[in-house]
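# Structural features, examined
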Amino acid sequence: MERLDDEGQWIVMMGFIVAVSIFFLALVINQATLVGQTTAEGVLEFPKSEIRDLRSEVFTLIDTGDVYDSAINASLHQDILVLEETRKNTIVNYSVNKINMSGTGIKYNLTKLHFNNGVTEYDATVHY
Amino acid sequence: MVDDSAQLYTMEGIAAAFVILATVYLVAGTTSIYTPGDSHITDMQLEVLGNDVLLVMDTPVNGTVNSTLHTNLYEWNGTAFGEDFSRLLNERVDGTSDSLSYNATVSYRKEADGSVANYAFNTSGIQTGYEQAVRVTRLATIPGKPTGAPADFDTREQVVMLEVLIWRD
């Protein structure tokens, strides 16, 4: 019987290792499309515009003085809550406290926003 | 007698075949096929575009004047709103126009019974009911009842919601 030639086994082994490495790189590329797509979708699905709209509307009301605890304009408050719920199935709320720090002269409006559209729940406290 | 020489080459061949097969499978799987279920991605892009247009229209040019959107609503001028909205929506960098259509509605709350009513503000054309539309909205405060608003529109200062459906023709 002819003797089995076992010379140069490390060349075969290196070839195999390289092949396996390429295999794993291919796996990374394979996942890249899926990961990129779901990430982009996640970013787009966040209701950024809706929250900013609510925010800017509340700030507008602060500027016109319609939202303070002592003199809240209940009709406007109700308008926003009802319209968001009826037309967009979104639960929103807001409250504004006028803060006047004694002695320092610092004034700001402690604004709390709540937003929940069933997918995204978002709460923010803004020192406007 | 069975010849058992070169067994190493046989094993190598099998291993190589496996690696090639697996790689081909991975490469083929990397391409993504656009299915009807993926159309919500373009819908979301359309929403971003619509929200941008409304934001631009609701931004005053300086601190002393009202925004275009606010003025259009307070003057109850759907035509003026439509012209601006359509222009901003369909403007392309190369000067040509895009083919996006819209249908704008104003929703307002009635204090008497707390219900919400809608008013067809402006539209770019006749709808068939088969449009793949997305919806964008914007809240606006108007100081009183505009001239030309429906009879059941409250006279108080109020927040209304402008709702625009956008679709590609």
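Position labels on residues start from 1 in each chain and follow its written sequence. The lettering of chains begins at A and the numbering of ligands begins at 1, in the order of writing. Only residues with pLDDT of at least 70 are given local features in this predicted model, and only at 80 or more are side-chain atom pairs given and counted; all residues enter the totals for whole chains, interfaces and linings. Think of the side-chain values as coming from all heavy atoms in the structure, minus any hydrogens and water.

### Remarks on the confidence of the model for chain B
Put simply, the rule reads: pLDDT is a per-residue confidence score from the predictor, ranging from 0 to 100.
With 99% of its residues at a pLDDT of at least 70, chain B reaches an overall mean of 89. Under the prediction, the complex receives an ipTM of 0.78, its pTM being 0.79.

### A short note on the pairing of strand 3 (residues 121-127) of chain A
All names here are of chain A. The condition is simple: Strands were regarded as paired on the criterion that DSSP finds at least two bridges between them. Counting from the N terminus, the helices are the DSSP runs of H or I reaching at least four residues and the strands are the DSSP runs of E reaching at least two.
In the sheet, strand 2 (residues 107-116) pairs with strand 3 via seven bridges, with the strands oriented antiparallel. The residue bridging L110 from the neighbouring strand is H127, located in strand 3. Between strand 2 and strand 3, which pair antiparallel one after the other, the connecting turn spans four residues, and G118 there sits at a positive phi close to 95°.

### Brief notes about the pairing of strand 2 of chain A
Residue and element names in this part refer to chain A. Note: strand 1 (residues 91-100) against strand 2, 10 bridges, orientation antiparallel. Counted as the bridge partner of N93 is H114 from strand 2. Hairpin connection, strand 1 to strand 2: the antiparallel pair is bridged by six residues, and G103 has positive phi, about 85°.

### Brief notes about the interface of chain B and chain A
Here is the rule we go by: In this analysis, two residues are considered to be in contact whenever any of their non-hydrogen atoms come within 4.5 Å of each other. Buried surface area refers to the total accessible area, computed with a probe of radius 1.4 Å, that the two partners give up upon joining, counted for both partners together. When a carboxyl oxygen of Asp or Glu lies within 4 Å of a side-chain nitrogen of Lys or Arg, that pair is called a salt bridge. Polar contacts here mean pairs of N or O atoms no more than 3.5 Å apart (in protein, one a potential hydrogen donor and the other a potential acceptor; neighbouring residues in sequence count only if both atoms are side-chain atoms).
With 42 residues of chain B at the interface, the matching set in chain A holds 34 residues. For chain B, the biggest contributors to the area lost against chain A are L26, R109 and L139 of chain B; these three give 17% of the whole. Linking chain B to chain A there are four salt bridges. With its nearest N and O atoms 2.8 Å apart, the salt bridge here joins E163 of chain B to R87 of chain A. The interface formed by chain B and chain A includes 16 residue pairs in polar contact (both at pLDDT 80 or more).

### As for the environment of E111 of chain B
Take E111 of chain B: it is sitting in the loop between strand 1 (100-109) and strand 2 (116-123). A sequence separation of 44 residues divides E111 of chain B from T155 of chain B, and the C-alpha atoms of the two residues are 9.9 Å apart. Setting aside its immediate chain neighbours within four residues, E111 of chain B contacts S75 of chain A together with D154 and R156 of chain B. A polar atom in the side chain of E111 of chain B sits 2.6 Å from the side chain of S75 of chain A. Here the side chain of E111 of chain B touches R156 of chain B through a polar contact of 3.4 Å, side chain to side chain.

### Here's the deal with a nonpolar patch on the surface
Residue and element names in this part refer to chain A. This is how the line gets drawn: Two joining distances apply to patches: 9 Å for like charges and 5 Å for nonpolar side chains (Val, Leu, Ile, Met, Phe, Trp, Tyr), and every residue must have over 30% relative accessible area and no salt bridge. Each accessible area is a Shrake-Rupley estimate made with a 1.4 Å probe; only the visible protein chains count as cover when residues are assessed. Buried residues are those whose accessible area, probed at 1.4 Å on protein chains only, stays under 20% of the maximum for their type, while exposed residues exceed 50% and partly exposed ones sit between those limits.
A grouping of W10, I11, M13, M14 and I17 is seen on the molecular surface, where their side chains present a nonpolar patch of about 560 Å² in accessible area. Along the polypeptide, M13 turns up in helix 1 (residues 9-45). Residue M13 is classed as partly exposed on the basis of its relative accessible area, which comes to 48%.

### Brief notes about the sheet that holds strand 1 of chain A
Residues and elements named next belong to chain A. Here is the rule: Every axis corresponds to a line fitted to the C-alpha atoms, with the helix fit spanning only the stretch in contact, and the corresponding angles, defined between N-to-C directions, vary from 0 to 180 degrees.
Pairing within the open sheet is antiparallel, and its three strands lie in the order 1-2-3. Either end of the sheet is taken by a strand with one partner, and the two such strands are strand 1 and strand 3. Each strand of the sheet is rotated relative to its neighbour by a mean of 10°, with strand direction disregarded. Across the sheet, helix 2 (residues 48-64) touches strand 1, strand 2 and strand 3, and the angle it forms with strand 2 is around 145°.

### Some points on the sheet that holds strand 4 (residues 158-168) of chain B
Pairing within the open sheet is antiparallel, and its four strands lie in the order 2-1-4-3 (chain B). One side of each edge strand has no neighbouring strand; the edge strands of this open sheet are strand 2 and strand 3 (134-142) of chain B. When the angles between neighbouring strand axes are averaged without regard to direction, this sheet yields 25°. In this sheet, strand 4 of chain B lies alongside strand 1 of chain B in antiparallel orientation, the contact comprising eight bridges. By the bridge assignment for strand 4 of chain B, T105 of chain B is matched with E163 of chain B. Lying over the sheet, helix 2 of chain A contacts strand 3 and strand 4 of chain B, oriented at roughly 5° with respect to strand 3 of chain B.

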